[in-house]
Amino acid sequence: MGEVVVARILFLAIAALGLLAALGTVLSRNLVHAALHLVGFFFCVACLFVMLEAEFLAAVQVLIYIGAVAILLMFGIMLTRNTRGDDATSLSGPWRLPGLVAGLCLFGALVFGINNAVSPSGASPWAGEAARPSLVEREGEPAWAAERRRAVEDMGRVVGEEFLTRYAMAFELAGLLLTAALVGAVALAHRDEVGAAELPPTVEALPADSAEPVGTAAS
Amino acid sequence: MANDIPLSWFLYFAAAAFATGLVGVLLRRNAIAVLMAIEIMLNAANVNLVAFWRYGTPAPGAGPLPGVILALLVITVAAAEVAVGIGLILLCYRRWRAVDVDRYETMSG
Amino acid sequence: MPVNALPMDLRDFLRVAPAVLLSAWGLVVVAADLARYRRRDAESRRLAVGRLTLIGVGLALASAVALFGIDSLAQSDAPRLDRLLGESFASYFSRPDGLIFFGTLASGLPTDVLNVLFLTLLGLVVWTSTAYAFTDDLGEYFALLLWATVGMMLLAASEELATLFIALETMTICLYLASAFEKSKPRSAEAGLKYFIYGSVSSALFLYGLSFVYGLTGTTYFDAIGRVLGRGGHEGLAGNLVGGAALLLMLVGFGFKVAAVPFHMWAPDVYEGAPAPVSAWIATGSKVASFVVMLKVFLHALGPWSNPSNELMGPGWLGVVVVLAAATMTYGNLAALAQRNYKRMLAYSSIAHAGYILVGVAAASVSTAGPEAAGAVLYYLVVYAFANVGAFAVAAWLARDRDGDAIADLDGLARTSPALAVCIVVLMLSLIGVPPFAGFFGKLAIFMEALRQGPSGTRIVLAWLVALGLFNSVVSAFYYVRVLKAMYLREAPSVGGLQRAKSAIAVPIVVATVVVTACGIVPSPLMDLMRAIARPMLTATTLDATAVTDATPAAGATARPRPVAWTTPSRPE
């Protein structure tokens, strides 16, 4: 019983921190602070993945969200030199209160819905004390229980198997998507002479500043 | 692992994060801030997906971990989306010296 | 070796050959542009890269047509297929379930027909892109068009939510990028950013809704979702707030992709700001793919939630879609009346057409014809897509010669290019829905499906919706006629008018005209084909699904009015 209490307290702490971080991201005027809050939120979500016994996913979350996405966002903030924030970065004044009320209403509706969810599959309802299916091996357990146990215990391998069999096409598409994003973003962000001529002269030393054709960067 | 945190707690967390992200999208005008709020919404959906995977009873033929696979794909999409978003934001920033979504108004009607 | 790894049939990759070819060809185009064409002058480089891209599209089209031939042979004349391909391949291709990659993708006739459609349209769009200079990054631009098409083809073929999501994102992210490619114009960058912001927010909403659907049903396969939801019987969504929220969120996602009111805000700005060929591809390819997958999700997976209690405003999505359709077509047409800009007018017209198509989606879910009713929607989509590709080729013409896109720029075209002016008249008449052009038969088919209801509460409301649709068609005539008026009744400007169209502009216009005329004069072959592929498209199910179906089919499931009949095996032998 003690274990359960500890786990619950841990969950509540992580969830509270995560929500505070999310609020901080949305509310803070300084964009760098917002990005740091976002990193905190990503980390809390990774912790929740661990509590859901998806450690592999937690690792991926840390590597990609914190390691790549947050860094990219930081670069974006720096390159637009919007570090300290201005009027445009804060919540627009007259809409602040209605916006927050609308958010609370949405949250309320979702909580109400979650509490009263009607699951057509006849599975246990979501509200209340629904416990996760046990991973302990039992006689006469359904086939999916064994599958689930293997997935939890050896997630990296099962994810690999799934991506190379059942989700092979989704996996290929993900690769294509990343290639397309890379090629397209490089083509867009590199500066050509036409664009540069129209701008007011500024002193900049940006990495994207070169007038080189995209080829050097893409290849 | 006998920690049975109720499923609904995870769902409440996701709902709260989702609502926060949506408020951010609606109220912030800075494009990078909007991008961050979108990331919060995507993460909320991911928490939902993984929680449903771990707690739910799969329908026949669903595979061992559809929720986790979907979450991984979402993470990939988010990375691509941020790269594209930053590229587009930089492009607009060079033109207008502003990252304010409302300020670009060359078209109307 | 792990014992649980599923055996994978590598022949499945043959059946997605068009998509594989296009993805690889995108890389070829980028590499060739960097290595060989970059040093040439702008004009010849544009033509060379465009020609190279067209070769790739042609190869993919050839493979799609070959697959179409094989699949139709497998249905009609199996012994001949045996002799052609050998036993093992023949039996592989005549498998009746029509699913590949463990049920995540559909294959077979519906997919082949849609692939041929996408590739033909893509060919026209690529050809239009060579008409005028709007970007310096030609290799990247054409590669993104190809990759967006890969997303569309797989999106239209997806049978499972994870595949659907990643295909949807591949398609839209490529289009976000492509719409910002006209770097000399600020409005192109603005269009890209607006499209991106609205698009990512809508896909986040869509994803959150999708997660609830997964949570409620425990599966991501369309067919399995339909089976699980079907067990709810007449209850449908009653009292299921979270199901309703999931449904609404998914509807927001699709509503954005097809530009339905009130999720249309991005469309006019993006269509106006993006380069004309990209606007064409957003208005046609992405809309066709989104509508096809919307049909699949709403009729196949969420079909049991459409109208379970047989009353219009009962616990289901039918009422919502009806309201959406009415608002979309009315708003689109009224807003188009005020436009002076040709591309913006086309944007509002395409919003209005999304409204008519939504009528078809609503009608198909309750039509007594079953899934074949969706054939009307598919027919409409084909006709709409061709007419719009032609119409946007005109926008490319305006951009090339006038560097603008006001309707007034078309003044006096009937005198300078009489033949093409006639073609444009035909396209506009088809978009209005005037017989004998194909647009008329598309509208007719959709409205007939809406009236083909059993006796129920929905009938009268759908009849009103049809009346509203007819009224809207009349309204739409006013703004399309404005184009005709400019061409025929005004004088051409003495200097700086439209020059002669080269093949890059003339071919798409002429091809579109031929298609809408031919399908209008003889509508039945295309209509029959679309009706024939609608059933397998919306009922694709894994072979063993019937074996593992729940042990509780119960009275509720059999008493359901409609979807039970749908779950018959896709191709009765």
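Refer to the structure printed above.
The following refers to the structure shown. (Residues numbered from 1 in each chain as written. Chains lettered and ligands numbered in written order. Predicted model: local features only at pLDDT ≥ 70, side-chain atom pairs only at ≥ 80, totals over all residues. Heavy atoms only, no water.)

## With respect to the overall build of chain A
Looking only at helices and strands, one finds nine helices and zero strands in chain A. Taken from N to C terminus, the helices and strands of chain A fall in the order α-α-α-α-α-α-α-α-α. Sequence separation of 24 or more characterises 50% of the internal contacts of chain A that already satisfy a separation of 6 or more. (Helix = DSSP H or I, 4+ residues; strand = E, 2+ residues; numbered from the N terminus. Contact = heavy atoms within 4.5 Å.)

## Remarks on helix α5 (residues 143-153) of chain A
Turning to α5(A), its buried residues are Ala145(A), Arg148(A), Arg149(A), Ala151(A) and Val152(A). The arc enclosing the buried residues of α5(A), seen along the axis, measures out at 165°, which places them on a common side. Turned more than 90 degrees away from the buried face of α5(A) sit Ala143(A) and Glu153(A), all of them exposed. Structurally, α5(A) contributes buried residues whose contacts are with α6 (155-164) of chain A together with α2 (31-55) of chain B. (Buried < 20%, exposed > 50% of the residue type's maximum accessible area, 1.4 Å probe, protein only. Arc of directions from axis to C-beta.)

## Describing the interface of chain B and chain C
On the side of chain C, 44 residues touch chain B, which itself brings 45 residues to the contact. Summing the contributions of chain B and of chain C, the shared interface buries around 3900 Å²; its carbon and sulfur component is 79%. One can count zero salt bridges joining chain B with chain C. At the boundary of chain B with chain C, the tally comes to four residue pairs in polar contact (both at pLDDT 80 or more). Listing elements by their share of the side of chain B that touches chain C, those giving two or more residues are α1 (7-27), α2 and α3 (66-96) of chain B. In terms of residue count, α3(B) provides more of the side of chain B that touches chain C than any other element does, 16 residues in total. (Buried area = accessible area lost by both parts, 1.4 Å probe. Salt bridge = Lys/Arg side-chain N within 4 Å of Asp/Glu carboxyl O. Polar contact = N/O pair within 3.5 Å; in protein donor to acceptor, adjacent residues only side chain to side chain.)

## Digging into the packing of helix α16 (residues 374-401) of chain C against helix α21 (residues 503-521) of chain C
Axes are the key here: two packed helices are described by the angle between their axes and the distance separating the axes. Residue and element names in this part refer to chain C. Put simply, α16 and α21 touch, their axes get as near as 9 Å, and they point 155° apart. Taken together, the axis directions place α16 and α21 in an arrangement best described as roughly antiparallel. In this structure, α16 crosses over α21, and the sense of that crossing is left-handed. Residues Tyr379, Val383, Phe386, Ala387, Val389, Gly390, Ala393, Val394, Ala396, Trp397 and Arg400 of α16 pack against Ile505, Pro508, Ile509, Ala512, Val515, Val516 and Cys519 of α21. Its residues assigned to classes, the contact of α16 with α21 shows 16 nonpolar, one polar and one charged. (Axes fitted to C-alpha atoms, helices over the stretch in contact; angles between N-to-C directions. Parallel < 35°, antiparallel > 145°, perpendicular 65-115°, else oblique. Left-handed = near helix turned anticlockwise from the far one by under 90°. Nonpolar A, V, L, I, M, F, W, Y, C, P; charged D, E, K, R; others polar.)

## Some details on the interface of chain B and chain A
Of the residues lining the interface, 76 residues belong to chain B; the matching set on chain A comes to 99 residues. Taking both sides of the interface into account, the surface hidden between chain B and chain A amounts to around 8000 Å²; carbon and sulfur atoms contribute 74%. Together, Arg28(B), Arg54(B) and Arg94(B) form the three largest contributors to the area buried by chain B at its contact with chain A, with a combined 10%. At the junction of chain B and chain A, the tally comes to one salt bridge. Counting across the chain B and chain A interface gives 11 residue pairs in polar contact (both at pLDDT 80 or more). Contributing elements (two or more residues each) for the side of chain B that touches chain A: α1, α2 and α3 of chain B.

## Some details on a nonpolar patch on the surface
Residue and element names in this part refer to chain A. Where nonpolar side chains cluster on the molecular surface, the patch consists of Leu20, Leu23, Leu27 and Leu100 and spans about 350 Å² of accessible area. If one sorts the elements of the nonpolar patch by residue count, helix α1 (residues 2-27) sits on top with three residues. On the secondary structure map, Leu20 appears in helix α1. (Patch = residues over 30% accessible without salt bridge, like charges linked within 9 Å, V, L, I, M, F, W, Y side chains within 5 Å. Areas by Shrake-Rupley, 256 points an atom, 1.4 Å probe, with all protein chains shown as cover.)

## Points about the packing of aromatic side chains
Between two aromatic rings, the relevant description is the distance of the centres plus the angle of the planes. Per the stated rule, a full pass over the model turns up 31 aromatic pairs over all chains. Each member of the aromatic cluster is reached from another via a ring pair, and the members are Tyr176(C), Tyr195(C), Phe196(C), Phe256(C), Trp266(C), Tyr271(C) and Phe392(C). Against the face of Trp9(B) rests Arg8(A), its NZ or CZ located 5.3 Å from the ring centre. Its end group placed over the ring of Phe89(C), Arg11(C) keeps NZ or CZ at 5.8 Å from the ring centre. (Phe/Tyr/Trp six-rings, centres within 6.5 Å; stacked < 30°, edge-to-face > 60°. Lys NZ or Arg CZ within 6 Å of the ring centre and 35° of its normal.)

## Details of unusual backbone geometry
Residue Pro262(C) is reached from Val261(C) by a cis peptide bond, and omega for that bond is 5°. Here Pro262(C) shows up in the loop between α11 (241-257) and α12 (266-273). Backbone geometry at Glu53(A) places phi at a positive 60°, although glycine is not the residue there. Following the sequence through the fold, Glu53(A) ends up in the loop between α2 (31-51) and α3 (55-79). Look at Asp403(C): it is not a glycine, yet its phi comes out positive at around 55°.

## Details of the nonpolar core
Ranked by size, the top nonpolar core spans 333 residues in total, and within it Trp126(A), Trp53(B), Leu302(C), Tyr342(C), Leu410(C) and Ile509(C) carry the most contacts. Sorting elements by how many residues they give to this core places α16(C) first, with 23 residues. (Core = buried A, V, L, I, M, F, W, Y, C linked by side-chain atoms within 4.5 Å.)

## What to know about the side chain of Thr170(C)
If you trace the backbone, Thr170(C) turns up in helix α8 (residues 161-179). With a relative accessible area of 0%, Thr170(C) lands in the buried category. Reaching out from Thr170(C), the side chain makes a polar contact with the backbone oxygen of Ile166(C) at a distance of 2.7 Å. The residues contacting Thr170(C), other than those within four sequence positions of it, are Leu173(A), Leu176(A), Leu177(A), Trp147(C) and Gly151(C).

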